[in-house]
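Structural features, examined
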Amino acid sequence: MKTFENILVTKNYRGHEHIALVQLNRPKVLNALSTDLMRELVEALFTLDDDKEVRVIILTGSDRAFAAGADIGQMMEATPIDQINDNRFRTWKQLTLITKPIIAAVNGFALGGGCELAMTCDLIIAGDKAQFGQPEIKIGTIPGASGTQRLTKAIGKSKAMLAILTGENMDAYEAEKAGLVAKVVPAETLMQETFEIAKIISNRAPVAVKLAKEAVNMAFETSLKDGVEYERRNFYLTFASKDQKEGMRAFMEKREPKYEGN
């Protein structure tokens, strides 16, 4: 796979053929999300999404920071037209097109754009020293990569207002209690714990996993009535899959299924 300047990509993570790891790699600036980093991230994720062997993607940073926000030095003197012409947010939109599950493994700071990036993933596993927040208000602006929307949907209006209007951080346990984080684990075992969860998902039927991800995401985009109809159509679609036949046959035969992704 192509070598990138701002991220590291590992296929066959920990020897597992269906799991890939993507690591943000700008340690000197706590993985600040520059335009170049985001473009590389999107390219890498699309490549992994197209790879038939990969079933689950883990996205992480370093022990100090998942990502401590946008690259403020890059943005400080920007005009509105600079922001429009930068097309930075086009890359953020492209992240939502990835069909395979992405697990954010968060240690250290996930602030501003870092928190938004983690929320763009399908679930967040946090080390117990992780910090989450949208501190943009402290520097005279507001979240611009979906923070006001995703955080509100994740933890509700009142808690989102408190976080966004004060700019104060939530620790990992607060984030878990609020519903932002799926699970908190010891910081030193974060990657192993995330890997174990990725293994479980990678052993499920890949087509069903994709369709389930689509259906859950649709809950944020539509009414309950329309969402239930979407779910039902995806349920019907699974019956066109050989993996559905294998899964049910294996259940009846009291054995482990062997899924091939078709």
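Residues numbered from 1 in each chain as written. Predicted model: local features only at pLDDT ≥ 70, side-chain atom pairs only at ≥ 80, totals over all residues. Heavy atoms only, no water.

1. Some thoughts on the packing of aromatic side chains
Convention followed: Stacked, tilted and edge-to-face are the three classes applied to pairs of Phe, Tyr and Trp rings, where Trp contributes its six-membered ring and a pair requires centres within 6.5 Å; stacked means planes under 30 degrees apart, edge-to-face means over 60, and tilted covers the rest. Starting at the N terminus, helices and strands are each numbered in turn, a helix being any DSSP run of H or I of at least four residues and a strand any DSSP run of E of at least two. The buried label applies to any residue whose accessible area, calculated with a 1.4 Å probe on protein chains only, is under 20% of its type's maximum; exposed applies above 50%, and partly exposed to all values in between.
Taken as a whole and judged by the stated rule, the model has three aromatic pairs. A ring pair is formed by tyrosine 13 and phenylalanine 195, whose centres lie 5.7 Å apart and whose planes are at 85°; its orientation type is edge-to-face. Pair noted here: tyrosine 13 is in the loop between strand S1 (7–10) and strand S2 (19–24) and phenylalanine 195 is in helix H9 (residues 190–202), with a separation of 182 residues, a long-range link. Look at phenylalanine 235 and tyrosine 236: their rings are 6.0 Å apart centre to centre, the planes differ by 50°, and that puts the pair in the tilted class. With relative accessibility at 47%, the residue phenylalanine 235 sits in the partly exposed group. Of the residues examined, tyrosine 236 reaches a relative accessible area of 51% and is grouped as exposed. An aromatic cluster of at least three residues, connected via ring pairs, comprises Phe235, Tyr236 and Phe239.

2. Comments concerning the pairing of strand S5 (residues 102–106)
Rule in force here: A pair of strands counts as paired when DSSP detects no fewer than two bridges linking them.
With five of five residues buried, S5 lies mostly within the body of the structure. Burial of S5 is two-sided: the residues Ile102, Ala104 and Val106 facing one way and the residues Ile103 and Ala105 facing the other way are all buried. Here four bridges tie strand S3 (residues 56–60) to S5, and the two strands are oriented parallel to one another. Counterpart to isoleucine 58 in the pairing with S5 is isoleucine 103.

3. Topic: the side chain of threonine 60
As a reminder of what qualifies: Contacts are assigned to residue pairs that have any heavy atoms within 4.5 Å of one another.
Secondary-structure assignment places threonine 60 in strand S3. Looking at threonine 60, the relative accessible area reads 5%, which means it is buried. What threonine 60 contacts, discounting residues up to four positions off in sequence, is Leu21, Val22, Gln23, Leu24, Phe66, Ala105 and Met191.

4. A word on the packing of helix H6 (residues 147–155) against helix H7 (residues 157–166)
How we decide: Orientation is described by lines fitted to C-alpha atoms, with helices fitted over the stretch in contact, and by angles between N-to-C directions that extend from 0 to 180 degrees. Should an angle lie under 35 degrees it is considered roughly parallel, over 145 roughly antiparallel, and from 65 to 115 roughly perpendicular; all remaining angles are considered oblique. Left-handed describes a crossing in which the near helix is turned anticlockwise from the far one by less than a right angle; the clockwise case is right-handed.
Where H6 meets H7, the closest approach of the two axes is 7 Å, and the angle between their N-to-C directions is 135°. Of the possible angle classes, the one that applies to H6 and H7 is oblique. The handedness of the crossing between H6 and H7 is right-handed. Facing H6, whose interface residues are Gly147, Thr148, Leu151, Thr152 and Ile155, H7 presents Lys157, Lys159, Ala160, Ala163 and Ile164.

5. Side note on H9
Heads up, the rule is: What a helix is expected to span follows from its residue count: subtract one and scale by 1.5 Å. For this quantity, the arc is that covered by the directions from the helix axis to the C-beta atoms.
With 13 residues, H9 ought to run about 18 Å at 1.5 Å a step, and its terminal C-alpha atoms sit 18 Å apart, in line with that. Taken as a whole, H9 has its buried residues at Leu190, Met191, Thr194, Phe195, Ile197, Ala198 and Ser202. Take H9 and look down its axis: the buried residues cluster within an arc of 165°, on one side only. Looking at the buried residues of H9, the elements they touch are S2, S3, S5, strand S7 (123–127) and strand S10 (183–185).

6. Some words on the packing of helix H10 (residues 206–218) against helix H11 (residues 224–238)
Threshold: Here the term charged refers only to Asp, Glu, Lys and Arg, the term nonpolar to Ala, Val, Leu, Ile, Met, Phe, Trp, Tyr, Cys and Pro, and the term polar to all other amino acids, Gly among them.
Packing of H10 against H11 brings their axes to within 9 Å, and their N-to-C directions diverge by 175°. On the basis of the axis angle, H10 is roughly antiparallel to H11. Across from Leu211, Glu214, Ala215 and Met218 in H10, the residues of H11 making contact are Tyr230, Glu231, Asn234, Leu237 and Thr238. Across the contact of H10 with H11, the residue classes break down as five nonpolar, two polar and two charged.

7. Re the environment of threonine 166
Threshold: Counted as a polar contact is a pair of N or O atoms within 3.5 Å, where, for protein atoms, one must be capable of donating a hydrogen and the other of accepting one, and residues adjacent in sequence contribute only when both atoms are in side chains.
One can find threonine 166 in helix H7. Taking the C-alpha atoms as reference, threonine 166 lies 7.5 Å from proline 135; in sequence the two are 31 residues apart. The residues touching threonine 166, leaving out its near neighbours within four places in the chain, are Ile137, Lys138 and Met161. Among the polar contacts made by the side chain of threonine 166, one reaches the main-chain carbonyl oxygen of leucine 162 at a distance of 2.6 Å.

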